[in-house]
Amino acid sequence: MAAEDGRRGEKKGADAAAARKAKQQGGFRTMPFILANDFCDRLASVGFTSNLITYLTLQMHIPLVQASNIITNYNGTANLTPLVGGLIADSFAGRFWTITFGSFFYQLGMVCLTLSAALPSLHPPPCAKHAADCHRASSYQVAVLYLSLLCTSIGTGGTRPCTMAFGADQLELMNARGGGQLRGAGAARPKWSFFNLYFFAVELAKLTAVTAVVYVQENVGWGWGLGVPTIAMLAAVIAFVSGYSLYVRMPPGGSPLVRLAQVAAAAFKKRKAAVPDPSLLYQDKELDAGISTTGRLLHTDQLKFFDKAAIVTDGDMLPSGEPNPWRLSTVHRVEELKSIIRILPICAAGIILVTSSSHNHSFAIQQARTLDRDLTPRFKIPPASMLIFTNLAMLLTLAFYDRVLVRVLRRLTGRPNGITHLQRTGVGLTIAMLSNAVAAVVERRRRSVAAASGLLDSPKATLPMSVFWLVPQFAIHGVANAFMDVGRMEFLYDQAPESMRSTAAALYWLTFSIGSYLGTLLVTIVHAKTKGSGQWLPDNLNRGKLDNYYWLVVALEVANLVYFFVCVKYYTFKPVETVGGEEEVELYHGNGNGNDGGKKQGGGFKY
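The rules behind the values
Every chain begins its residue count from 1, and numbering advances along the sequence as written. Where local features are concerned, this predicted model is filtered to residues with pLDDT of at least 70; where side-chain atom pairs are given and counted, the filter is 80 or more; whole-chain, interface and lining totals use all residues. Note that the side-chain values use all heavy atoms of the structure and ignore hydrogens as well as water. UniProt positions are given in the numbering used here, feature names are shortened, and annotations may be inferred rather than shown by experiment. In this text, helices come from DSSP runs of H or I with a minimum length of four residues, and strands from runs of E with a minimum of two, each type numbered from the N-terminal end. Residue exposure (1.4 Å probe, protein chains only): buried if accessible area is under 20% of the type maximum, exposed if over 50%, otherwise partly exposed. Just to be clear on terms, a salt bridge is a Lys or Arg side-chain nitrogen sitting within 4 Å of an Asp or Glu carboxyl oxygen. A patch consists of residues exposed above 30% relative accessible area that lack any salt bridge, with like charges linked at up to 9 Å and nonpolar side chains (Val, Leu, Ile, Met, Phe, Trp, Tyr) linked at up to 5 Å. Values of accessible area rely on a 1.4 Å probe in the Shrake-Rupley scheme; residue burial ignores everything except the protein chains shown. Throughout, a residue-residue contact means that at least one pair of heavy atoms, one from each residue, lies within 4.5 Å. Sulfur atoms of two cysteines make up a disulfide when they are within 2.5 Å. Ring pairs are drawn from Phe, Tyr and Trp, using the six-membered ring of Trp, whenever the two centres fall within 6.5 Å, and their geometry is named by plane angle: stacked under 30 degrees, edge-to-face over 60, tilted for the rest. Working convention: axes come from line fits to C-alpha atoms, limited for helices to the stretch in contact. Angles between N-to-C directions cover 0 to 180 degrees. An angle below 35 degrees is treated as roughly parallel, one above 145 as roughly antiparallel, one from 65 to 115 as roughly perpendicular, and anything else as oblique. Whether a crossing is left-handed or right-handed is set by the direction in which the near helix is turned from the far one by less than a right angle, anticlockwise for left-handed and clockwise for right-handed.

In the annotation of an unreviewed UniProt entry, the protein is listed under the name Protein NRT1/ PTR FAMILY 3.1 and assigned to Urochloa decumbens. UniProt's Subcellular location (unreviewed entry) comment on the protein is quoted here verbatim: "Membrane". Listed under Sequence similarities (unreviewed entry) in UniProt, the entry text for the protein is "Belongs to the major facilitator superfamily. Proton-dependent oligopeptide transporter (POT/PTR) (TC 2.A.17) family."

The following block contains the structure:
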């Protein structure tokens, strides 16, 4: 008896120690480490990609359209790998180690890029002063460039899908431990403030990159211009790993793709079965415990075909008494699949936004190169630094939205975040159209100035027109991003099953990937169809019709906005069963707002 009491005492002591350790992890104390990692990561990536068009055309001597396509293809690949990284994190590696290894690969890619710029054998010689033709980069030199970009693309696969979700985990799980109530106004507010804080840090890094780093590239040299971001990336890895002991590290819940496949397979096998009353569908609290720590998903009436996977039939159970996952799924797992399917159409609306902004890193920078960029007799604004106005506009909009606009809207709507995530996304899509319409008008004026000055055939000449004419199109796009990017990420984090949040974050980056590839396709088609007389996108923009390309993008955005409104009209938010106390069970309906204001949306449910 004494021995048993001793064992109980030891167990209680171990539990108490574990509880003390848990309280010491997570919270805002982890934010400097996480945000420092992402700040340096973005400083490194934006420090190179923002001026990549200049590096490719002026250093590697690659034609404009081909260089533009290299950029969009690189962006497409760099935003496709997060889908793989998110699956790895959710399946077996966890977010911390996925971020760590991703940062290592990114560091390797940046070192290779720096060597490519610094070593004369890895890039072509400068053009002669009066030479009509320049030596283009050799196949070997281009191969080294591609290898470097591939390493950085692999690196983004580890960092981008996990950093935001990892940071939000520190706050959400900390609130869950401290308050005992998983869904309420107090718990949700810090989490959504984190997303605004995250994007604010990202834009601050971009701002630094397009000013200081681009200035070094243009005025000191590409060796140092890429060396600075490389050193910043090393600092990012060190900062992140040094906070290891402070982090809440959610264990991976197994491959989400396997679970989704099991639900689909089970539903197909029982496709002829009649769906019973939802209360008779299979539930198993213990089986779902590892993938529903903040609450199980409840049954919804949409996509009823997949409910067949939760119908209990003969042969569904293994000899051990556990269900065969390829024949029988719980309601929670069925609803995981439904949630992902419902999210996909909303995600797809972001693709055109990426396509419409892809020219900001190519054609718009080439436009800036033709304009008067003198600030003083000795200082010219680097063309790529025009992106500063996108970053500044987004920074100011995020600050204004979080500190002022939300408070005003909260009084009008009664919602903790003022407007829903989907409303915020819709506002961003609408504003983005205005950005490209302004771009088309400004480009038409730029070309008319070239004609009036007799410089149509002098693409390298500086036109008597200020580069600040381009400020509105960059700034308006930054305002659109402040609404669109944050709204989409909040929506994905809120509506994705908790065990698939890294995968859901990867869907955010997947839209960037598809949008970038679509940008490549759009430029290629336009270039091919307008070849000859009236070409829209020649190397000499003074003889082109870039404004027509911008109007084409506006037309695509109008169609996309209509599509988004249709998707929102038919979207159903996920209902979650969450535990508010030892016995109390609360039903939470996700409402696109991050929380329900602490109010119950239904009665109690018993497990």
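**Student:** What's the story with the overall build of the protein in this structure? I'm lost.
**Tutor:** A count of helices and strands for the protein gives 19 helices and five strands. The buried share of the protein, taken over its 607 residues, is 56%.

**Student:** What is the right way to look at the UniProt feature "transmembrane region" (unreviewed entry) in the protein in this model?
**Tutor:** Under the feature "transmembrane region" (unreviewed entry), the UniProt entry names residues 197–216, 222–247, 343–361, 381–401, 422–442, 462–484, 505–528 and 548–566. Segment residues 381–401 splits into 67% helix and 0% strand. End C-alpha atoms: 29 Å apart. Taken end to end, residues 422–442 is 100% helix and 0% strand, and its first and last C-alpha atoms sit 31 Å apart.

**Student:** It is not clear to me how the pattern of salt bridges should be interpreted in this structure. Could you clarify?
**Tutor:** Side chains that differ in charge, positive against negative, can pair when their charged atoms come close. Under the counting rule described, the total for this entry stands at 12 salt bridges. Across the salt bridge formed by R488 and D485, the nearest N and O atoms sit 3.4 Å from each other. One end of the pair is R488 and the other is D485, both in helix α17 (residues 471–495) and three residues apart, which spans about a single turn. The exposure class assigned to R488 is buried, which follows from its relative accessible area of 6%.

**Student:** Just checking my understanding: could you explain a nonpolar patch on the surface for this structure?
**Tutor:** The grouping of F104, F105, L108, L147, L150 and I154 at the surface amounts to a nonpolar patch, some 530 Å² of accessible area in total. Listing elements by their share of the nonpolar patch, those giving two or more residues are α6 (95–118) and α7 (139–179). Here L150 lies in helix α7. The class of L150 is partly exposed, set by a relative accessible area of 43%.

**Student:** Just to check I follow, could you spell out the side chain of N481 for this structure?
**Tutor:** Mapped onto the elements, N481 comes out in helix α17. Classification of N481 by relative accessible area gives buried; the value is 11%. Residues contacting N481, with those up to four places away along its chain left out, are L353, T390, M394 and V486.

**Student:** Explain the state of the cysteines to me, please; I cannot follow it from the model alone.
**Tutor:** Working definition of a disulfide: a covalent bond connecting the sulfur atoms of two cysteines. Summed over all chains, the structure comprises zero disulfides. Not part of a disulfide, C112 finds its nearest cysteine sulfur in C151, a span of 5.4 Å. Looking at C112, the relative accessible area reads 22%, which means it is partly exposed.

**Student:** Hey, could you run me through the packing of aromatic side chains in this one?
**Tutor:** For the structure on display, the rule yields 20 aromatic pairs. With a centroid separation of 4.9 Å and 80° between ring planes, the pair formed by F96 and W97 is classed as edge-to-face. You can call F96 buried: its relative accessible area is 4%. Taken together, a centroid distance of 6.2 Å and an interplanar angle of 50° make the contact between W97 and Y244 tilted. With W97 in helix α6 and Y244 in the loop between α9 (222–242) and α10 (256–269), this residue pair connects regions lying 147 residues apart in the sequence.

**Student:** Even after reading the chapter, I still don't get the packing of helix α15 (residues 388–413) against α17, so can you show me in this structure?
**Tutor:** Packed helix pairs are specified by the crossing angle of their axes together with the interaxial distance, meaning the distance between the axes. Closest axis-to-axis distance for the α15/α17 pair is 7 Å, and the angle between their directions is 45°. The pairing of α15 with α17 is recorded here as oblique in orientation. In the packing of α15 onto α17, the handedness of the crossing is right-handed. Between α15, through F389, T390, A393, M394, T397, L398, Y401 and L405, and α17, the contact on the second element is made entirely by V471, F474, A475, H477, G478, V479, N481, A482, F483, D485 and V486.

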